[in-house]
Amino acid sequence: VARTMGKLQSKISFHTTKYRAEGSVGQTGPAGASRQHSPAHTDAVTSVAALKPDLCVSGGRDKSVAVSSWRSGAALRRFTGHEREVTKVTSALDSNRVFSASRDKTVMMWELHGTSGPSQHFPGHDLVVTGLAVSPDSSQLCTGSRDNTVCKWDTETGECLGRAAISRNLVTHLCWVPGEPYVIQTSEDKTTRVWDSRELQVAHTFPAKQHIQTCCDVSQDGRYCLSSSSGSAGHGAEATLWDLRQTRDRVCEYKGHFQTTTSCVFLPRGPTLAPSIATSSSDSTVKVWDQGTAGRG
């Protein structure tokens, strides 16, 4: 049922974009009616990330970066400067700095309360930038690309502090381990790596999977990381939980998607909720799993 509904919703969204309003930030209907807002982007949204408890940042094929309110749905800021579509966006939580990567081979930094142009520019990759992770204090940035390299940057000066290349390491995603100098990276070479950002060296490589690793995430306590796999016709497409601190080995797998698992995240914990994760897939479904038992919620 979920798969059918997902496809139906996708078709509805595709067709209604022909008739959406352009220009105005919002419209207020009769008393008690919900407030309607124009879309944050004029083309497909490619990435979204949390910025503050009530704000998120998104990037799109329209080459722009937008900051929107979770609560109202309104796009509050829009940044432009990339020459091609934005591939990834990120920010240190509760920071006023936003970072975006693009097919134009660059990364840009934007100030939430600054001008609409970038406050810092990070050129240096030879191909599309596909990974982006910022340190918790926003002082350093790690980027990855299909050019097989991972780079480290000083966000204040824009200086490249290090560059590491590994053959066939086509980067798909990066995320920073909270409170640690480590960065997790997934790759088209089917591996998940742990980088030590201090020397920009690989500290650990988890055993290779059978399929391309598409995305990664780290638990808030820094004990575990997730990676997700490509797949088709029910083969592959799993998410994998890895132990970062003790065994540095696979803990469990989450299987149930029929096509590529495109994203995986640890869900915020509640006082009465068991640790959970969520995965999204090209099979038009989102699944929520019990982290410990791999059972779907």
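Residues numbered from 1 in each chain as written. Predicted model: local features only at pLDDT ≥ 70, side-chain atom pairs only at ≥ 80, totals over all residues. Heavy atoms only, no water.

The next thing to look at is the confidence of the model for the chain. A low pLDDT score tells you not to read the predicted coordinates there in detail. Residues of the chain with pLDDT of at least 70 account for 87%, and the chain-wide mean is 88. Below pLDDT 50 for its whole length, residues 1-32 participates in 28 contacts with residues either more than four positions away or in separate chains. (pLDDT = per-residue confidence, 0-100. Contact = heavy atoms within 4.5 Å.)

Another aspect to go through is the pattern of salt bridges. Per the counting criterion, the structure on display carries twelve salt bridges. Between D126 and R163 there is a salt bridge, with the nearest N and O atoms lying 3.6 Å from each other. Here D126, found in the loop between strand 10 (120-122) and strand 11 (129-134), pairs with R163, found in strand 14 (residues 160-165); they are 37 residues apart in sequence, far enough to count as distant. Exposure remark for R163: the relative accessible area of 43% places this residue in the partly exposed category. In this structure, K209 engages E238 in a salt bridge whose closest nitrogen and oxygen atoms are separated by 3.2 Å. In this pair, K209 sits in the loop between strand 18 (201-205) and strand 19 (213-218) while E238 sits in the loop between strand 22 (235-236) and strand 23 (239-243), placing the two residues 29 residues apart along the sequence. In this pair, the class of K209 matches that of E238, namely buried. Within this structure, K209, E238, R250, E253 and K255 form a network of salt bridges that share partners. (Salt bridge = Lys/Arg side-chain N within 4 Å of Asp/Glu carboxyl O. Helix = DSSP H or I, 4+ residues; strand = E, 2+ residues; numbered from the N terminus. Buried < 20%, exposed > 50% of the residue type's maximum accessible area, 1.4 Å probe, protein only.)

Moving on: the sheet that holds strand 24 (residues 250-254). Pairing between the strands of a sheet is mediated by backbone hydrogen bonds and can be parallel or antiparallel. Strand order in this open sheet of four strands is 19-20-23-24, and the pairing throughout is antiparallel. Each edge of the open sheet is held by one strand with a lone partner, namely strand 19 and strand 24. Adjacent strand axes in the sheet meet at a mean angle of 20 degrees when their direction is disregarded. In this sheet, strand 20 (residues 224-229) lies alongside strand 19 in antiparallel orientation, the contact comprising five bridges. Along strand 20, the bridge assignment pairs V218 with C225. (Pairing = 2+ DSSP bridges. Axes fitted to C-alpha atoms, helices over the stretch in contact; angles between N-to-C directions.)

Core analysis: the biggest nonpolar cluster contains 13 residues, and L51, V57, V65, V67, V89, V98 and W110 have the highest contact counts within it. At the level of elements, strand 3 (45-52), strand 4 (55-60), strand 5 (64-69), strand 7 (86-90) and strand 9 (107-111) are the ones that each hand at least two residues to this core. If sequence neighbours within four positions are ignored, V89 has contacts with S47, V48, A49, V57, S58, G59, V65, F99, S100 and L132. Membership of the second largest hydrophobic core comes to twelve residues, among which are A92, F122, V129 and L141. (Core = buried A, V, L, I, M, F, W, Y, C linked by side-chain atoms within 4.5 Å.)

Turning to the pairing of strand 3, a few remarks are in order. As defined by bridge partners, strand 3 adjoins strand 4 across six bridges and the pair is classed as antiparallel. Its bridge partner being in strand 4, V45 is matched across the sheet by G60. Connecting strand 3 to the next strand, strand 4, in antiparallel fashion are two residues.

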